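Next come the chains, spelled out residue by residue.
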Amino acid sequence: MGLTLNACILLLKEHHLLKSSAIQDKLNMEMTDIAYDSRKIGKHGLFFCKGDAFRSVYLTNAKENGAITYVAEKPYVEGNGMNALIVVNVQKAMAILSAAFYNYPQDDLFIIAYTGTKGKTTSSYFTKGILDGANDDHTALFSTIDRVVGPKPQQRFKSNLTTPESLDLFHDMREAVDNGMTHLVMEVSSQAYLRNRVFGLTYDVGFFLNITPDHIGVNEHPNFANYLHCKMQLLANARKCVINAETDHFDEVYAAATTTTNPDSIYLYARAGFQPKRADIDIDFRFTSNEADLITSNFTITTETAKAKQLPIAGNYQINLIGDFNESNATAAIIAAGLAGVGHDIAAKQIKNVKVPGRMESMNVPGHGRVYVDYAHNYASMKVLLNFLQREYNHPKLIVVVGSTGDKGESRRAGFAKALTEYASVAYLTTDDPGFEDPADIAKQIDSGIDHSKVTVKIELDRAQAIHDAIMASKPGDIVVVAGKGADPYQKIRGIDTPYPTDMVIVKDIAADLADK
């Protein structure tokens, strides 16, 4: 991999990003390394001075480690003697130059991208599961939980961001291509557009699943309008768009898709019986819930329009997750696979075996209630989950263990309080990635919004202990919900990823201890 100074200048000018340049070397000088972390830059490297927390000493360190060129939004004296590329927006510049440095790996992948307040991870895992059956496990995955860049176990690792920095994104795409991967399924967060992590990236298929208020706060989106705007950017950068017609703000979402995409390449899906408010649109795909038990869901997809019928995906399906919301996610995945050339028979065979880490995992605990572990981490997902469990189990006693993340998503705290008031009988407020905030303060903020005449609230900041106490307080017929972390194997505490067994491991250990007594 490499990139010349001249190529950098031409690319930055093409995207109207270059303000000025100071060149110390020949224009054909090639940079053979690239980084935004001064500890990772090597000889003849291209270094990006990015982020609100950037300090000029980082540039000094990068220079000492071999960087010969830096990209920044202003000149730094620490960079004297280096080539300097001064740009309008360093995040956009990093995306454009990283893609070029790694020789545009996106061009060698069929990319399916998902955005939405909830359902991105589940839809992504379903899609990868289907495609793997058609391409012999050569589907890369960039998700909240896992990053898969090759078919071997050592080419799978845990994610630390839903959508990583652009340089890391294109690096991983290049690895995926070099490892023989042919398809990529990725989650695209609103932050990815707010921070220009996917600037310049075009997807073969872009999905808009849903939108409800989330990620609004000091360190995130300033308001809902900005959050929605960032979410809709995915549709403006997709060759084909697929939209859940039941989403809130549908008119705005659909309009965003039509700005760059011909209506013939825009597909809509919804459950059977849903009637759109607009008479000028047609639902292309519908799904109908059939019989279900406490472990699996069965549903049917029908193709309603001429362009939908071109995809051979109509028929019956089964998934190992319960809830009509998971059937909606599965429908999205089946449409995605159909647009990638996979028909009903392979899709039906593959999707029934897909397991999503941290999603609706459940088990009965001897002498106590049934426990569900789920990644539900905002009002929308918590409401859907608790509402479904209330209906499925005929209004059981719901005991919920939940916390809220620190340093971001402050609006979630009020959302959790609202969902708990609406559905829970008992709430155990605990710790969930507090970051640099005091988890006790976060718990108090959630507690302040709960109606205590409806919900008994207990605060136990040791998450494992909170799960134990909730299970022990339950009786047969009760439902215990452990929400938020899903399969996350760590707690983010004061900048450190502190190892954590995962919620389901703790639940299983408690159940095993009870079985031995």
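Residues numbered from 1 in each chain as written. Predicted model: local features only at pLDDT ≥ 70, side-chain atom pairs only at ≥ 80, totals over all residues. Heavy atoms only, no water.

Peer 1: Please explain the overall build of the protein chain as it appears in this structure.
Peer 2: When helices and strands are tallied, the protein chain shows 16 helices and 26 strands. Here the C-alpha radius of gyration of the protein chain, 24 Å, is about what a compact globule of 517 residues would show, namely 24 Å. Overall, the C-alpha framework of the protein chain stretches about 75 × 55 × 40 Å when taken along its three principal axes. The buried share of the protein chain, reckoned over its 517 residues, is 57%. In the protein chain, the proportion of contacts linking residues at least 24 apart, taken out of those at least 6 apart, comes to 66%. For the protein chain, the exposed surface amounts to about 20900 Å²; the carbon and sulfur share of it is 49%. (Helix = DSSP H or I, 4+ residues; strand = E, 2+ residues; numbered from the N terminus. Rg over C-alpha atoms; globule rule 2.2 N^0.38 Å. Buried < 20%, exposed > 50% of the residue type's maximum accessible area, 1.4 Å probe, protein only. Contact = heavy atoms within 4.5 Å. Areas by Shrake-Rupley, 256 points an atom, 1.4 Å probe, with all protein chains shown as cover.)

Peer 1: Help me understand the environment of isoleucine 9, please; the structure alone is not making it clear to me.
Peer 2: Among the structural elements, isoleucine 9 can be located in helix H1 (residues 5-14). Residue classification places isoleucine 9 among the buried positions, given a relative accessible area of 10%. Linking isoleucine 9 and serine 20, residues eleven residues apart in sequence, is a C-alpha distance of 9.4 Å. Those residues in contact with isoleucine 9, other than ones at most four positions away along the chain, are Leu18, Ser21, Ile23, Leu27 and Leu85.

Peer 1: Explain the packing of aromatic side chains to me, please; I cannot follow it from the model alone.
Peer 2: Remark: the centre distance and the inter-plane angle together describe each pair of aromatic rings, the angle taken between the planes. Per the stated rule, a full pass over the model turns up twelve aromatic pairs. Measuring from centroid to centroid gives 5.6 Å for phenylalanine 250 and tyrosine 254, while their planes differ by 25°, and the two rings are stacked. With phenylalanine 250 and tyrosine 254 both in helix H8 (residues 250-258) and four residues apart, the pair spans about one turn of that helix. Among the residues examined, phenylalanine 250 registers a relative accessible area of 10% and is labelled buried. Ring centres 5.8 Å apart and planes at 20° place the aromatic pair phenylalanine 299 and tyrosine 317 in the stacked group. Residue phenylalanine 299 is located in strand S17 (residues 297-303), and its partner tyrosine 317 is located in strand S18 (residues 315-319); the two are separated by 18 residues in the primary sequence. By relative accessible area, which is 0% here, phenylalanine 299 ends up buried. Taken together through their ring pairs, the aromatic side chains of Phe47, Phe54, Tyr58, Tyr70 and Tyr76 make up a single cluster. Lying over the aromatic face of tyrosine 36, lysine 50 brings its terminal NZ or CZ to 5.0 Å of the ring centre. For arginine 147, the ring lying beneath its charged end belongs to phenylalanine 142, and the centroid distance is 4.0 Å. (Phe/Tyr/Trp six-rings, centres within 6.5 Å; stacked < 30°, edge-to-face > 60°. Lys NZ or Arg CZ within 6 Å of the ring centre and 35° of its normal.)

Peer 1: How should I be thinking about the nonpolar core in this particular structure?
Peer 2: Most often, soluble globular proteins have nonpolar side chains that are buried together. Membership of the largest hydrophobic core comes to 138 residues, with the highest contact counts inside it found for Met173, Met186, Tyr203, Phe207 and Ile243. Here this core gets nine residues from one element, more than from any other, and that element is helix H10 (residues 324-339). Beyond its immediate stretch of four places on either side in the chain, methionine 173 contacts Pro105, Gln106, Leu109, Ile111, Phe142, Leu184, Met186 and Leu201. Residues Ile467, Val480, Ile506 and Leu514 belong to the second largest nonpolar core, which totals 20 residues. (Core = buried A, V, L, I, M, F, W, Y, C linked by side-chain atoms within 4.5 Å.)

Peer 1: How should I be thinking about unusual backbone geometry in this particular structure?
Peer 2: Trans is the common state for peptide bonds, and a negative phi is the common state for residues other than glycine. Phi at aspartate 137 takes a positive value of approximately 65°, unusual for a residue other than glycine. Of note, aspartate 137 is situated in the loop between helix H4 (120-135) and strand S9 (139-142).

Peer 1: What exactly am I supposed to notice about the sheet that holds strand S7 (residues 83-87) here?
Peer 2: Remark on secondary structure: sheet strands pair via backbone hydrogen bonds, oriented parallel or antiparallel. Ordered by their spatial adjacency, five strands build an open sheet running S2-S7-S6-S5-S4, and the pairing between neighbours is mixed. The open sheet is flanked by strand S2 (18-22) and strand S4 (33-35), the only strands paired with a single partner. Sheet twist, expressed as the mean angle between neighbouring strand axes with direction ignored, is 15°. Looking at chain direction, strand S5 (residues 45-48) and strand S6 (residues 67-72) are connected through four bridges and run parallel. Bridging across to S6, phenylalanine 47 finds its partner in tyrosine 70. Set on the sheet, H1 makes contact with S2, S5, S6 and S7; between it and S7 the angle comes to about 10°. Where helix H3 (residues 90-101) meets the sheet, its contacts fall on S4, S5, S6 and S7, and the angle it forms with S5 comes to roughly 155°. (Pairing = 2+ DSSP bridges. Axes fitted to C-alpha atoms, helices over the stretch in contact; angles between N-to-C directions.)

Peer 1: Looking at this structure, I do not really get the pairing of strand S8 (residues 110-115). What am I missing?
Peer 2: Sheet faces and side chains relate simply in a regular strand, where the side chains alternate between the two faces. Taking burial as the measure, the six residues of S8 include five buried ones, the bulk of the element. Bridge analysis of S8 against strand S13 (residues 203-208) gives four bridges, and the strand direction is parallel. When the bridges of S13 are listed, alanine 113 appears paired with glycine 206.

Peer 1: Quick question: what am I supposed to make of H1 here?
Peer 2: Among the residues making up H1, those that are buried are Leu5, Cys8, Ile9, Leu11 and Leu12. Buried residues of H1 fall within an arc of 165° about the axis and therefore sit on the same side. Opposite the buried face of H1, by more than 90 degrees, sit the exposed residues Leu10, Lys13 and Glu14. Trailing H1 by a residue or two, histidine 16 shows a phi angle of about 55°, which is positive. (Arc of directions from axis to C-beta.)

Peer 1: Honestly, the pattern of salt bridges in this entry has me stumped. Any pointers?
Peer 2: It is possible for side chains of opposite charge to pair when their charged atoms get near one another. Taken as a whole and assessed by the stated rule, the structure comprises 18 salt bridges. For aspartate 172, the salt bridge goes to arginine 147, with nearest N and O atoms at 2.9 Å. Taken together, the residues span a long stretch of sequence, with aspartate 172 in helix H5 (residues 166-178) and arginine 147 in strand S10 (residues 146-148) at a distance of 25 residues. Look at aspartate 172 and you get buried, because its relative accessible area is 8%. Arginine 278 serves as the salt-bridge partner of aspartate 251, at 3.2 Å between the closest nitrogen and oxygen. Within this pair, whereas aspartate 251 is found in helix H8, its partner arginine 278 is found in the loop between strand S15 (266-271) and strand S16 (285-292), the two being separated by 27 residues in sequence. Salt bridges linked by common partners bring Asp432, Asp433, Lys485 and Asp488 together as one network. (Salt bridge = Lys/Arg side-chain N within 4 Å of Asp/Glu carboxyl O.)

Peer 1: Looking at this structure, how should I read the UniProt feature "modified residue: N6-carboxylysine" (unreviewed entry) in the protein chain?
Peer 2: The positions that UniProt labels "modified residue: N6-carboxylysine" (unreviewed entry) are, in the present scheme, Lys231. Using a relative accessible area of 3% as the deciding quantity, one classes lysine 231 as buried. When sequence neighbours within four positions are dropped, the list of residues in contact with lysine 231 reads Thr115, Gly116, Thr117, Lys120, Val188, Ser190, Phe208 and Ile211. Reaching out from lysine 231, the side chain makes a polar contact with the backbone oxygen of glycine 116 at a distance of 3.0 Å. (UniProt positions renumbered as here; feature names shortened; annotations may be inferred. Polar contact = N/O pair within 3.5 Å; in protein donor to acceptor, adjacent residues only side chain to side chain.)

Peer 1: Got a minute to help me understand the pairing of S17 in this structure?
Peer 2: Within S17, six of the seven residues are buried, leaving the element largely enclosed by the surrounding structure. For S17 and S18, the ladder comprises five bridges, and the chain directions are antiparallel. Paired with phenylalanine 299 across the strands is tyrosine 317, a residue of S18.

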